Amino acid sequence: MKAMVFAAGLGTRLRPLTDNMPKALVPVGGVPMLQHVILNLKRYGFEDIIVNIHHFGQQVMDFLAENGNFGISIHISDERGELLETGGGILKAREFFDDGEPFLVHNADVLTDLDLSEFYKYHLHNSADATLLTAERVTSRYLLLDNFNCLNGWINVKTGEVKPAGFKYEKGKYKELAFGGIHVISPSVFPYLQDYSQEHKFSIMPFYLDNCRKLKIMGYAPKDYAWFDIGKPETLALAEKWIDNQP
């Protein structure tokens, strides 16, 4: 199975740690974020991976080489010339996903013990175009899912802003869930991605929202797993404590 790891981010929330290294190599429990993600992907059968790079990209390449790519096939999508954001990054890597099978996309700043193979199977079982990891978590921005777990819209509860254009929010009608930074995507999405923007640099979430009436975009909300956004100092500290308490 194939996967993509987003490791190109600037890591501005983690400064000064990221003043001299990429966010993906910031250690969590003494182990770089990227290593945690790759080993968890490998554990669940994802052994053909592409990693995008930008900020201190050579450090990421050197790290992978020094570790023998952790015994799996790892490719590089080089965005050092221009950071393409999440949607543009996936589109740039399109040729890597040439086997016609769905692939998993994982943020390098997400630490989890989630069973990724079960997530992948859920996507296949539902014949979805894209499936997003979701959870009941306090935030200001929520994905809005119907009773079939299909994405209908998005709301910023602080400002009242809703998406997509023309969407009518009704309180209590939808499951209000937060996005967990991991998704499974089918190749059926690529033609829509290609047509989505005249710019080659764009984020994936606006794309999902603008196309949720055309594509089957679902949420996946499993129970009883650990999850941390390790891209900011306070949650990085929580992740360190979690790792310290592992047997």
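Residues numbered from 1 in each chain as written. Predicted model: local features only at pLDDT ≥ 70, side-chain atom pairs only at ≥ 80, totals over all residues. Heavy atoms only, no water.

### Quick word on the packing of aromatic side chains
Basically, it comes down to this: Two rings belonging to Phe, Tyr or Trp (six-membered ring only in the last case) form a pair when the distance between their centres is within 6.5 Å. Interplanar angles under 30 degrees mark stacking, angles over 60 mark edge-to-face geometry, and anything in between is tilted. Exposed residues in this analysis have more than 50% of their type's maximum accessible area, buried residues have under 20%, and partly exposed residues fall in between, with area computed by a 1.4 Å probe over protein chains only. Elements are defined by DSSP. Helices are runs of H or I of four residues or more, strands are runs of E of two residues or more, and each kind is numbered from the N terminus.
What the rule picks out here adds up to 12 aromatic pairs. Relative to phenylalanine 202, the ring of tyrosine 196 lies with its centre 5.5 Å away and its plane at 55 degrees, an arrangement referred to as tilted. Residue classification places tyrosine 196 among the partly exposed residues on the basis of a relative accessible area of 25%. Relative to tryptophan 242, the ring of phenylalanine 228 lies with its centre 5.6 Å away and its plane at 45 degrees, an arrangement referred to as tilted. Residue phenylalanine 228 is located in strand β14 (residues 227-229), and its partner tryptophan 242 is located in helix α7 (residues 233-244); the two are separated by 14 residues in the primary sequence. Under the relative-accessibility criterion, phenylalanine 228 is labelled buried at 14%. An aromatic cluster of at least three residues, connected via ring pairs, comprises Phe96, Phe97, Phe103 and Phe190.

### Section: helix α1 (residues 33-43)
If you check which residues of α1 are buried, you get Met33, Leu34, Gln35, Val37, Ile38, Asn40 and Leu41. Glycine 45 occupies a position one or two residues after α1 and carries a positive phi of about 95 degrees.

### A short note on the pairing of strand β10 (residues 151-156)
Formally: Strands were regarded as paired on the criterion that DSSP finds at least two bridges between them.
Among the 6 residues in β10, 5 count as buried, and that is most of the element. As judged from the 5 bridges shared by strand β9 (residues 141-145) and β10, these two strands associate in the antiparallel manner. Bridge pairing links leucine 144 to glycine 153 in β10. The antiparallel hairpin formed by β9 and β10 contains 5 residues in its connecting segment, where asparagine 149 sits at a positive phi of about 65 degrees.

### Description of the pairing of strand β8 (residues 130-135)
Burial analysis of β8 places 6 of its 6 residues in the buried class, the great majority of the element. Alternating positions in β8 separate into two faces, Ala130, Leu132 and Thr134 on one and Thr131, Leu133 and Ala135 on the other, with burial throughout. Sheet analysis places β8 next to strand β12 (residues 175-185), joined by 5 bridges and oriented antiparallel. Bridge pairing links threonine 131 to valine 184 in β12. Sheet topology note: the β8/strand β13 (residues 217-220) ladder contains 4 bridges and is parallel.

Honestly, that's just the spatial picture; any functional story needs more than this.
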